[in-house]
Amino acid sequence: MSVDASTPVRVARAARTRRRRNPVTWVQRGGLTTLVFLLPLLIIFGVFSWTPIVEAVIMSFQKTNLVTAPVFVGWDNFVAVFHDPVFWIAVRNTGFFALLALLFGYPIPLVAAVLMSEVKHMKGFYSVLAYLPVVIPPVVSVLLWKIFYDASPNGVFNTILGWVGIPPQPWIQDAVTAMPSLVLEATWAGAGGTIIIYLAALTSVSPDLYDAAEVDGASIWGKIWHVTLPQLRGILFITLILQIIATAQVFLQPFLFTGGGPVNSTTTILLLIYQYAFTQSLGGAYGQATALSLMLAAFLAILSIVYFRLTARWSDN
């Protein structure tokens, strides 16, 4: 009778599994000590992270003002959000902001990092200069740019445009130019961190690859396309999904620049959540605010899962 060669392996694996499941063996190997050390962290993480999430899920099915006793309303908060015409405006505005941010804010840090990596002198100075907007507090940046966006002919940006014969622009005072103006400031404020990430990733690219491409007669753009981008593919995929998530949660710029105006042209999903919860009287629609928050979280979670499933093979090859 023949014996399968893999049988001893399966028997040994099953024996190891039984030993792991034995509580006495688990304690003898230090499992209890590990659990004791982890318990404070697990309690703190559960109280401060998961408790608010669970309470938000419960609140999304309630009508409450956080003062009087809540009333269970089922799916009414979700239905109310879907029937709110401002909700669909906020979805469109958020998508428009994300699209503009990807078209302009995603390639700019990469191009800047590649150019800075080619600089032979004062590379540290340029790195500091690129990262400086990240150091400035976001509120200060917005208030500073709000002065730059003065729509009068004497405004900073309009004065610069006047030097080249371009008439004054309304910037954030007009529904057409308001959102691109917010994207411009957001790109300036957030590009520095991404540039530093790309600069660090570029140091891992072997110079031999560039030398081989140069021997083959590749131009600077050929080396970027055939060497730099393939070597940074994993980092590019990560920064792309992070930027999508960040732009889907944009709040500071529309809140401080325009308050959602003009005529709701810059009202985003997070700003609408804020308006549900805090811009009404004592009977704020906290249930609708948490319902919309859960909808946004579920959308971003599903988008992230699908994105990583699609890009896992590409980033590994």
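Conventions used here
- Residues numbered from 1 in each chain as written.
- Predicted model: local features only at pLDDT ≥ 70, side-chain atom pairs only at ≥ 80, totals over all residues.
- Heavy atoms only, no water.
- Helix = DSSP H or I, 4+ residues; strand = E, 2+ residues; numbered from the N terminus.
- Buried < 20%, exposed > 50% of the residue type's maximum accessible area, 1.4 Å probe, protein only.
- Contact = heavy atoms within 4.5 Å.
- Lys, Arg positive; Asp, Glu negative; His and termini not counted.
- Salt bridge = Lys/Arg side-chain N within 4 Å of Asp/Glu carboxyl O.
- Polar contact = N/O pair within 3.5 Å; in protein donor to acceptor, adjacent residues only side chain to side chain.

S.K.: Could you give me a rundown of unusual backbone geometry, with the residues and numbers involved?
M.R.: Cis peptide bonds are those with omega within 30 degrees of zero, and the linkage from Gly 261 to Pro 262 qualifies with -10 degrees. If you trace the backbone, Pro 262 turns up in the loop between helix 14 (252-258) and helix 15 (269-278). Look at Val 263: it is not a glycine, yet its phi comes out positive at around 45 degrees. By the secondary structure assignment, Val 263 is in the loop between helix 14 and helix 15. For Val 263, a relative accessible area of 76% translates into the label exposed. One non-glycine residue with positive phi stands out, namely Asn 264, at about 60 degrees. Here Asn 264 is to be found in the loop between helix 14 and helix 15. Given the relative accessible area of 29%, Asn 264 is considered partly exposed.

S.K.: Account for the environment of Leu 271, with residues named and values stated.
M.R.: Along the chain, Leu 271 falls in helix 15. Using a relative accessible area of 2% as the deciding quantity, one classes Leu 271 as buried. Distance from Leu 271 to Pro 254, taken between C-alpha atoms, is 7.4 Å for residues 17 residues apart in sequence. In this structure Leu 271 touches Phe 251, Pro 254, Phe 255, Gly 259, Gly 260 and Thr 266, once residues within four positions along its chain are discounted.

S.K.: Pulling in residues and values, what's your account of the side chain of Asp 84?
M.R.: Examined against the element boundaries, Asp 84 turns out to sit in the loop between helix 4 (76-83) and helix 5 (85-105). Among buried charged residues, Asp 84 stands out as having no salt bridge; its nearest opposite-charge side chain is Arg 92, 12 Å away. In terms of polar contacts, Asp 84 uses its side chain to reach the side chain of Tyr 276, at 2.5 Å. Other than its neighbours up to four places away in sequence, Asp 84 contacts Leu 272 and Tyr 276.

Note that every value here comes from positions in space, so none of it alone points to a role or purpose.
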